[in-house]
Every structure is written in C-alpha cells, then in structure tokens.
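Okay, here's what each chain looks like letter by letter:
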Amino acid sequence: MNTKAFLTELFLTGIEAVKPENLIPEHLSVNGKFLTINGKNFSVEKGFYLFGSGKASIQMAKSVEKLLGDYIKEGIVVCNYTEKLKKTEVIKGSHPVPDENSVKGAEILLQKLSSLKEDDFFIYLLSGGSSALIEKPIPPITLKDLKQTTQLLLENSVPIEEINIVRKHLSMIKGGRLGRATKAKGVVLVISDVVGDDLFTIGSAPLYYDPSTYQQARDILKKYNLWKKIPATVKDVIRQGIEGKIPETPKKENPNIKHYIIGNNLTALKKIKQKAEKKFPTFIMTSQIKGEAREVAKVLISIAKEIKNSGNPFKTPVLLLFGGETTVTVRGKGKGGRNQELCLSALQEIKDTKGITILSGGTDGIDGNSDAAGAVVDWNTSAIAKELNLDINQYLSNNDSYSFFSKTDSLIKTGYTGTNVMDITIIMVEG
Ligand SMILES: O=C(O)[C@H](O)CO
C-alpha cells in the first residue's frame, strides 16, 4: 500500500464531506412554500434575499440556488475567488488581509440589509475567511491602518478568538453590527472554521452579538506587545470605545436572526473515520487542536512514537485523526503555511523512524501564503532531504516549508476547495 497516497485520499474524503453541495441538502429541505432548516419551518412564499461572506460562500450560494432558485429575489456573496452564478452576484474580497473590494462588499451588504423591511426574509451564508473578505473600518481608521493592524495580529501568532475581538471593535459590521442594521427576519447558515464552533468568533460574528469589550481589545493588543505598533487611529477608536464615546458592539442577539451550524471539522473527521476504518482501526483524537504549529507537531509525533514503540494506547497499524487550527509565529520571509510548517517540524522528529506517516492540510485548499493545501511526509522524505542536503532547521527558521517540500515532492495541491472547516491532520502508524 502507498500510505502517502492513502492518507491523501482520506484528506480529500474529509473535504468532500464538508463541501456545501453536500451540507446544504443535508440541512435544508423545501416542503411546498416552507423551507425547513434543522426541523424548523420558514415561509419562503414571498421569496427571500440571499447574502453571504466567506471562503465557502460561492459554493453555499450555488447549492441554495439549486434547491430554492425560484424563490431568490436577489443574491450577493463576497468570496476569495469569483465564479458566475445564476442569481447571485459575486464580489471578490481579499484574504487574509482586507482590501478595497472587502470594503465594497461590506458596504453593499450593509446597504442591502438596511434597506430590507420587517416582512422581508433573508438567508445569510457565513463561513471562515469572512472577517477579511468583508470589512468597513470605523472612521477615522483607514483601510491602510486596518491592513497594518491585521498583519501585525496575524504575524504574532495571536489566536483567532483574540484577533477577532480586536477586529470586532474596529469595524462597522462585525460583532453583530451588520445584524443590527436590518429589520428583516433571517437565518444564518454557518460552516464553522473555529475550534468549538464559537459563533462569537466565526467570521467575527457579523449578524450575531458580542460579549467582548473595547477594554479587552486593548488588553489583547498590549498582551502581544502590539499596542505601541498599531496606527494612532486604531488606538484612538479603542480609547474612545473604552470611554463610551463610541458605542460598544451589540450585547444581545437580534431575536429576528437565527444561526445554524451546518458543518464543522468533526463532520469531516467522522467521514474520514467511516472510510478509513474499513481498512485500519481509526480514532478521532480531537477536532480541537490549537497552538504553535511546530510545537504541536512534536506532541503529535511523540504520540505516534509511543504507539510504535510500546503499543500504547493503540496497537499498530492504526490511523489517528486530528482537527483544529494551529498558528505560526512568522520569523522568516519564506513561503508556507501552518500545515506545511507542522509537517516540517514533524519530519524533524520522525527522521529515520520508519512506519510513521503524517499528512496535514487546510480544508480550504490554501495553506498560508502558498498554493498548496499542505504536505504529507514520512522517513523517506527525510532520506530525500538528506540526499539533497536540505537542512530542516534552516527552512524552519525562515518559515520556508513550501520551498523545502517543493524539493522533496511532498506538497498536496487541491486548489480552492470551496469550503473551510480548519485543518485536518492524519497520522498512520505501522508496525
Ligand atoms: O474569518 C474569520 O474570522 C476566521 O476564518 C474565523 O472564522
């Protein structure tokens, strides 16, 4: 058996399970003039508006069009790529740092949602990446200031929950502010890309509400030593927010808007397990991995080595499934992403140990600043690296995992997958 090919096939199975074309029909059905979502009925007799933002928004919209196309009055989604849809206009925003189009997208959504009446109904399709894809900073923060702040947060390994607390307090649409702008009733269908499916964090909660505060936003920036580095306008808005001169984000849910999570990391892991255990004992270890990619890798490989050496807690052969999202503290100028960096650090631990293969990939298909979803490695990769005189440490210090794996032919390339439920890591331990 080609273990690397098998793990790649399993990774693709996981992605397939969380593609909107599979999730939407699982959770939505149409009965006459009613739309049923997770058992709850909504009348669509008079038609509805379709909005959305996030990396999965195009494919989600396409699936809704297929199911309910005749009822859509108008559709707009903001995604990280474009595609022509029948009833829905697509705006291409920027990710992970917002651009002019992200602002344009936010303004259009804000304007459309504000113009709806009380008896209008909308479906909003929310998925990961939304925080950057739509954005409208609170004046006097400029787009340039916001870009700089986002970049600093991303480069300093700040967890997404904390990044989004800051983002929500600099934005006219995040933390429930977009939801406050409308009188209409609506549902938000969510594909979760955060650990624990926290609705306060996913896409910075544009239509939910937000218990966090301006004070917390400042504390987070100080905790990561970024307060002195961020632009003056950002500090100004946060200070004014703390003093009550700028209103806080909404602290209560808009009762007219209901949120439904229709897919998450565990959905993908369960599908992988279903397929894999036809061949090998397979265990879902967690869907909640967090932490610095290179450190997480060390823990994962230590588990694999324990199994290999002592048969604890599982006998070989065995497949271990992990999900979640790590972070990378950027120190170098190389190319790569958290999954590739995790694999490179894992390779450092595997070295010549035969029988451990590890794959790590982003379900959105794009890992960091590269065009690969991730990588798959084993002892043989380390043998190739030795032959080519590649120094793992050197590539790790420059955060240049992509260049390393291009040379060892270990990259997994899927292109944009049209979905996003964080990352999947699969380890096969053989005897
Ligand atoms: O957009 C975002 O904020 C992240 O992807 C988490 O949902």
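The shown structure was predicted, so the numbers you read here are calculated from the model rather than taken from an experiment.

So, how was this worked out
Along every chain, residues carry numbers that run from 1 in the direction the sequence is written. Only residues with pLDDT of 70 or above have their local features reported here, since the model is predicted, and side-chain atom pairs are shown and tallied only from 80 upward, although totals for entire chains, interfaces and linings are computed over all residues. Derived side-chain values reflect all non-hydrogen atoms in the structure, with water molecules and hydrogen atoms excluded from consideration. Note on pairing: two strands pair once DSSP finds at least 2 bridges between them. A run of H or I in DSSP becomes a helix once it reaches four residues, and a run of E becomes a strand once it reaches two; helices and strands are each numbered from the N terminus. Here the axes come from fitting lines to C-alpha atoms, over the contacting stretch only for helices, and the angles between their N-to-C directions go from 0 to 180 degrees. The criterion used for residue contact is that any of the two residues' heavy atoms lie within 4.5 Å. Any residue with at least one heavy atom within 4 Å of a molecule or strand is counted as near it. We call two N or O atoms a polar contact when they sit within 3.5 Å, provided that within protein one can donate a hydrogen and the other can accept it, with sequence-adjacent residues counted only if both atoms are side-chain atoms. Here the Shrake-Rupley method, with its probe set to 1.4 Å, supplies the accessible areas, and only the displayed protein chains count as covering residues. Under the convention used throughout, the expected extent of a helix is 1.5 Å for every residue step, that is, one less than its residue count. Using a 1.4 Å probe on the protein chains alone, a residue whose accessible area is under 20% of its type maximum counts as buried, one over 50% counts as exposed, and one in between counts as partly exposed. UniProt positions are given in the numbering used here, feature names are shortened, and annotations may be inferred rather than shown by experiment. Stacked, tilted and edge-to-face are the three classes applied to pairs of Phe, Tyr and Trp rings, where Trp contributes its six-membered ring and a pair requires centres within 6.5 Å; stacked means planes under 30 degrees apart, edge-to-face means over 60, and tilted covers the rest.

(A) Examining the sheet that holds strand β8 (residues 185-191) more closely. What the six strands build is an open sheet, ordered β6-β5-β4-β7-β8-β9; its pairing is parallel. Two strands lie at the open edges of the sheet, namely β6 (88-92) and β9 (257-263), each paired on one side alone. Put simply, the sheet's adjacent strands are angled 15° from each other on average, direction ignored. The strands touched by helix α2 (residues 20-27) are β8 and β9; relative to β9, the strand with the most contacts, the crossing angle is about 125°.

(B) Just the site of the ligand, in detail. Not every one of the 13 residues close to the ligand is listed here, only the nearest: Gly129, Ser131, Asn164, Asp193 and Gly203. The backbone of glycine 129 places a nitrogen or oxygen atom 2.8 Å from an oxygen atom of the ligand. In this structure, an oxygen atom belonging to the ligand sits 3.2 Å away from a main-chain N or O atom of serine 130. Alone, the ligand offers 230 Å² of accessible surface; in the complex the protein occludes 92% of this.

(C) Helix α3 (residues 57-68), seen in detail. Look at α3: 16 Å from first C-alpha to last across 12 residues, which is about the 16 Å you get at 1.5 Å a residue. A large share of α3 lies buried, amounting to nine of its 12 residues. Those residues of α3 not exposed but buried are Ser57, Ile58, Gln59, Met60, Ala61, Ser63, Val64, Glu65 and Leu68.

(D) Inspection of the UniProt feature "domain: MOFRL-associated" (unreviewed entry) in the protein at higher detail. Under the feature "domain: MOFRL-associated" (unreviewed entry), the UniProt entry names residues 7-238. Counted over residues 7-238, helix gives 41% and strand 19%. Its end C-alpha atoms are 46 Å apart.

(E) Just the packing of aromatic side chains, in detail. Under the counting rule described, the total for this entry stands at 12 aromatic pairs. Ring centres 6.4 Å apart and planes at 80° place the aromatic pair phenylalanine 42 and tyrosine 260 in the edge-to-face group. Of the two residues, phenylalanine 42 is situated in strand β3 (residues 40-43) and tyrosine 260 in strand β9; the sequence distance between them amounts to 218 residues. Given the relative accessible area of 13%, tyrosine 260 is considered buried. When the centroid spacing of 4.0 Å and the interplanar angle of 15° are considered together, the rings of phenylalanine 283 and phenylalanine 314 count as stacked. Note that phenylalanine 283 is positioned in strand β10 (residues 282-289) and phenylalanine 314 in the loop between α12 (293-310) and β11 (318-324), a separation of 31 residues in sequence. Relative accessible area serves as the criterion here: at 30%, phenylalanine 283 is assigned to the partly exposed category. On the basis of relative accessible area, phenylalanine 314 is assigned to the buried category, the value being 16%. An aromatic cluster of at least three residues, connected via ring pairs, comprises Phe42, Phe121 and Tyr260.

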